[in-house]
Amino acid sequence: MEPTTEQIIASAMALPPNQRAEIVAALQQSINGDDRGFTDADIESAWQQEIGKRLQDIDKKTVKPIPSEKAWKLINGDISPEV
């Protein structure tokens, strides 16, 4: 007899977060397919390019960095953005 969906979910919820994340990624890939063909190296390269661009923006002063504490308050809606 195969396990029920509820049993599978309960078993997965007992795992550490990193293992649950692996299960989520595998399930999403099985649903969405990976027709984009991106490898981990492709993703890492794209992130490195993005990080470089953001650092250049900071160096050129086209953006103003804010402390992470303030960023989280903005994200959580605890404070309003300054205009």
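Further up the page is the structure itself.
Just so you know, these numbers come straight off a predicted model, no measurement behind them.

Caption draft 1: Main features of the overall build of the protein. Each helix and strand in the protein was counted, giving four helices and zero strands. Secondary structure of the protein in N-to-C order comes out as α-α-α-α. In terms of overall size, the protein is more extended than a compact globule, its C-alpha atoms giving a radius of gyration of 20 Å where 83 residues would be expected to give roughly 12 Å. Taking the principal axes of the C-alpha coordinates as reference, the protein spans close to 65 × 35 × 20 Å. The buried share of the protein, reckoned over its 83 residues, is 2%. Accessible surface computed for the protein: about 7,800 Å², of which carbon and sulfur atoms make up 57%. Of the side chains in the protein, 9 bear a positive and 14 a negative charge, and the two mean positions are spaced by 14 Å.

Caption draft 2: Seen up close, a nonpolar patch on the surface. Taken together, the side chains of Phe38, Ile43, Trp47, Ile51, Leu55, Ile58 and Val63 present a nonpolar region at the surface, about 660 Å² in accessible area. Mapping isoleucine 43 onto the fold places it in helix α3 (residues 40-59).

Caption draft 3: Seen up close, the pattern of salt bridges. Tallying each qualifying case throughout the model produces four salt bridges. Where arginine 54 meets glutamate 50, a salt bridge forms, and the shortest distance between an N and an O atom there is 2.8 Å. Here glutamate 50 and arginine 54 lie together in helix α3, a separation of four residues that amounts to about one turn. Look at arginine 54 and you get partly exposed, because its relative accessible area is 48%. One salt bridge in this structure joins aspartate 57 and lysine 53, with 3.1 Å as the shortest N-O distance. With a gap of four residues between them, aspartate 57 and lysine 53 both fall in helix α3, about one helical turn apart. Judged by relative accessible area, lysine 53 falls into the partly exposed class, the value being 45%.

The rules behind these values
Residues numbered from 1 in each chain as written. Predicted model: local features only at pLDDT ≥ 70, side-chain atom pairs only at ≥ 80, totals over all residues. Heavy atoms only, no water. Helix = DSSP H or I, 4+ residues; strand = E, 2+ residues; numbered from the N terminus. Rg over C-alpha atoms; globule rule 2.2 N^0.38 Å. Buried < 20%, exposed > 50% of the residue type's maximum accessible area, 1.4 Å probe, protein only. Areas by Shrake-Rupley, 256 points an atom, 1.4 Å probe, with all protein chains shown as cover. Lys, Arg positive; Asp, Glu negative; His and termini not counted. Charge placed at Lys NZ, Arg CZ, Asp CG, Glu CD. Patch = residues over 30% accessible without salt bridge, like charges linked within 9 Å, V, L, I, M, F, W, Y side chains within 5 Å. Salt bridge = Lys/Arg side-chain N within 4 Å of Asp/Glu carboxyl O.

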